[in-house]
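Notes for the structure review
These are the residues of each chain, in order.
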Amino acid sequence: MTQQEVVLDGGSINIFYDIILSKGTVIANGGPGAPAEKPHSGYSGTPTGGTGGMGCISIGSISTGTYEPTKDSFNITKNGENVTITGNDKVNGYGEYVATLVPQEGYNINNISVKMGEKILDLGTDYTYENGTLTILTIQDDIVITAKAIQLTANEYGRKIRYNANGVDDWKIFYNNKETSEIFIITSDYLENTKLPENIGMTTQNKYQAYFENIPDENAQIEPIVRNRFLMNWNNRNTTANIKCVSKLLNTAQWQVFAQRENSYAIGSPTIEMWIKSWNDIYESEKLFYSTTNVSDGYFINDREENTESTNIEYDTISKLQGYNNELYYPHKRKIQRM
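Overview of the structure. Just so it is clear, the model here is predicted, and its values are computed rather than measured. (Residues numbered from 1 in each chain as written. Predicted model: local features only at pLDDT ≥ 70, side-chain atom pairs only at ≥ 80, totals over all residues. Heavy atoms only, no water.)

**A closer look at the pattern of salt bridges**
Should their charged atoms come close, side chains of opposite charge can pair. Inspection of the entire model under this criterion finds 7 salt bridges. Residue Glu156 pairs with Arg159 through a salt bridge whose shortest N-O separation is 2.7 Å. Of the residues examined, Glu156 reaches a relative accessible area of 17% and is grouped as buried. Residues Lys160 and Asp170 are paired through a salt bridge, measuring 3.5 Å at the closest nitrogen-oxygen approach. With Lys160 in strand β17 (residues 160–161) and Asp170 in the loop between β17 and β18 (171–177), this residue pair connects regions lying 10 residues apart in the sequence. (Salt bridge = Lys/Arg side-chain N within 4 Å of Asp/Glu carboxyl O. Buried < 20%, exposed > 50% of the residue type's maximum accessible area, 1.4 Å probe, protein only. Helix = DSSP H or I, 4+ residues; strand = E, 2+ residues; numbered from the N terminus.)

Here is the structure:
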């Protein structure tokens, strides 16, 4: 293995884990005052130029040198609960490592932890996970991968999950499509207007109010993949004002800032169809029904299927149902008076 010498500034010091070695070049992650982590006994240097000292390092100039790794290979430990983790048990050198994670049928992975030596790695910075493939970017010590999968039922709806997009990190499970194994999440509460995508064309007022002052000039032909994924049936009235506004909310290109994972989509609001399917998964004895048959620009919703052809459920009725007290469906309760 090629050897290199690291030259820093000051006296004889150790190089810490917050310095990453890549292709023979030493790169500092931290700056003056950065806390020192556990020293790596395989790296040392003699200072010359720049600032530094025990406990933090700021590199001013670097000359090519040699380093002597303490180990030639690293062990990979894989712990899966209802998950099969496939990958090599040992790696040589300091390159990346790839493993595949496959949950048991009917289960969904809900927790992944990756540890390198004594350090817990950060998703997105130290490793990535997309569509069942976990990639650790740089191996510097022994690795432990732990993954757990749960059997997702309606009892998990409303459960908070770890996800961050567009500065929003408070999300809940909203619906699980058992036929496609797709899980849908929703923010725990309404978002502030500052989180609206740019060029959405909505007029904002106060902290949370947003509306279309003018009917958007939007192509109301919503893409089939979006309609199918979000279970939307009402798409055959392409000229009404309502469908044009709905099309804006279902334009995934405008809401992409909230979809941080590969092959994922985001929309501005759940469809009526998905909202009702989620509700009915939990409240099987208090199901809701909808129909678009005899309405020109929307839905009839009722708690009695035979009534959905002509009437909507009354406030006094729905407010007595269990789901009305579930913040997943009614984060804020207020009776809206008809104008």
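**Looking at the pairing of strand β16 (residues 143–150)**
Taken together, the 6 bridges between strand β8 (residues 73–81) and β16 define a ladder with parallel strand orientation. Paired with Thr77 across the bridge in β16 is Val144. Taken together, the 8 bridges between strand β12 (residues 108–116) and β16 define a ladder with antiparallel strand orientation. What sits directly across from Met116, in β16, is Ile143. (Pairing = 2+ DSSP bridges.)

**Some words on the side chain of Asp126**
With respect to the helices, strands and loops of the structure, Asp126 is situated in the loop between β13 (119–120) and β14 (127–130). Within polar-contact distance, the side chain of Asp126 engages the backbone nitrogen of Asp122 at 2.8 Å. Look past the residues within four positions of Asp126 in its chain and what remains in contact with it is Lys119, Leu121, Thr135, Ile136 and Leu137. (Polar contact = N/O pair within 3.5 Å; in protein donor to acceptor, adjacent residues only side chain to side chain. Contact = heavy atoms within 4.5 Å.)

**As for the packing of aromatic side chains**
In the structure shown here, the tally under the stated rule is 15 aromatic pairs. When the centroid spacing of 6.3 Å and the interplanar angle of 65° are considered together, the rings of Trp171 and Phe258 count as edge-to-face. In this pair, Trp171 sits in strand β18 while Phe258 sits in the loop between α2 (241–249) and α3 (272–282), placing the two residues 87 residues apart along the sequence. For Trp171, a relative accessible area of 7% gives the class buried. When its relative accessible area of 8% is taken as the criterion, Phe258 is described as buried. (Phe/Tyr/Trp six-rings, centres within 6.5 Å; stacked < 30°, edge-to-face > 60°.)

**Regarding the sheet that holds strand β19 (residues 182–187)**
Spatially, 3 strands are ordered β17-β18-β19 in an open sheet, and the strand pairing comes out antiparallel. Only two strands of the sheet have a single neighbouring strand rather than two, namely β17 and β19. Where β18 and β19 come together, 6 bridges link them in antiparallel fashion. Residue pairing across strands places Ile173 opposite Ile185, the latter belonging to β19.

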